[in-house]
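# Examination of the molecular architecture
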Amino acid sequence: MAEANDNRKNPDGSIDFRVMMTDVTTHYFRSLPDLVGASGLAHLQDNTFQLDIDKGAATLPSGDVIKLNSGTFSAKDIRQRELIGQFHLDLAASISAMLTVAGNPDLKMLNADSLSTMPKATGDGHFKIDLQMPLVKDPPKERVVVKTAVDLSNVAIAAIAPGGYRSDGKLKLDFNPDNITVSVPSNFTGQAGQIRWNTVP
């Protein structure tokens with residue numbers, strides 16, 4: 001153990017601990033809503049901790065529900081002075097719920113001006129979020145790194161053109177704090193095509 005204390009690492013093969021969890025409620029990041037009804041497996045092996053979650057849900061203040069299809073949390077070199085956590089989340093929710101999460105100031109995915117330029121839409125969202133940050137209380141925003149991939153389906157957007165707009169396929173949405181790029185198969189008053197637009201505050 002003296003060697004382990006010197007280099008702040010547990011010896012290989014010294015720890016292998018697993019815990020199954022069911023019906024867990026947990027708060028995981030700043031102002032995001034609690035995850036409820038979660039289940040999964042926690043595994044501590046030597047210097048790595050990983051939590052695999054196979055289900056759960058979160059309810060936003062609006063009443064919209066976000067379903068967690070799967071998720072992982074991992075941290076390596078757990079005995080180091082600074083610990084970096086990585087979250088990988090696979091989520092399903094309505095477009096309105098997705099945009100509410102994207103507009104959360106703690107995540108820095110969209111700023112308020114960018115969010116206000118997004119056309120009003122309804123539909124279903126499937127999105128993946130990768131989140132990396134130091135595991136400290138109130139981590140600095142500049143050290144919170146978020147990557148997002150979004151697929152939307154059954155999308156209806158009003159007031160974008162005379163006669164309205166509806167997607168015949170899946171809509172791809174890429175966004176960062178300063179702009180949103182949308183690419184999608186389209187159907188304007190019965191005419192098939194492709195549409196792409198950027199919204200910049």
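## Details of the nonpolar core
Formed by 25 residues in total, the largest nonpolar core has its most connected members in Ile53, Ile66, Leu91, Met98 and Phe127. Element by element, the count of residues in this core is highest for helix α2 (residues 95-102), at five residues.

## Structural notes on the packing of aromatic side chains
Each pair of aromatic rings is reported with the distance of its centres and the angle of its planes. The full count for this structure, using the stated rule, is two aromatic pairs. Each ring, one from Phe49 and one from Phe73, has its centre 6.1 Å from the other, and the planes form 55 degrees; the classification is tilted. One end of the pair, Phe49, is in strand β3 (residues 48-59); the other, Phe73, is in strand β4 (residues 65-76), and 24 residues separate them in sequence. With centroids separated by 4.9 Å and ring planes inclined at 45 degrees, the aromatic side chains of Phe73 and Phe87 adopt a geometry described as tilted. In this pair, Phe73 is assigned in strand β4 and Phe87 in strand β5 (residues 84-94), connecting sequence segments 14 residues apart. For Phe73, a relative accessible area of 15% puts it in the buried group. The structure contains a cluster of three or more aromatic residues connected by ring pairs, namely Phe49, Phe73 and Phe87.

## Quick notes on the pattern of salt bridges
A side chain with one charge can pair with a side chain of the opposite charge if their charged atoms come near. Here the structure, examined in full by the defined rule, presents two salt bridges. The salt bridge partner of Asp16 is Arg18, with a shortest N-O separation of 3.6 Å. In this structure, Arg143 engages Glu82 in a salt bridge whose closest nitrogen and oxygen atoms are separated by 2.8 Å. Of this pair, Arg143 sits in the loop between β6 (121-134) and β7 (145-157) while Glu82 sits in the loop between β4 and β5, placing them 61 residues apart in sequence. Residue Arg143 is classed as partly exposed on the basis of its relative accessible area of 35%.

Parameters and conventions
Residues numbered from 1 in each chain as written. Predicted model: local features only at pLDDT ≥ 70, side-chain atom pairs only at ≥ 80, totals over all residues. Heavy atoms only, no water. Core = buried A, V, L, I, M, F, W, Y, C linked by side-chain atoms within 4.5 Å. Buried < 20%, exposed > 50% of the residue type's maximum accessible area, 1.4 Å probe, protein only. Helix = DSSP H or I, 4+ residues; strand = E, 2+ residues; numbered from the N terminus. Phe/Tyr/Trp six-rings, centres within 6.5 Å; stacked < 30°, edge-to-face > 60°. Salt bridge = Lys/Arg side-chain N within 4 Å of Asp/Glu carboxyl O.

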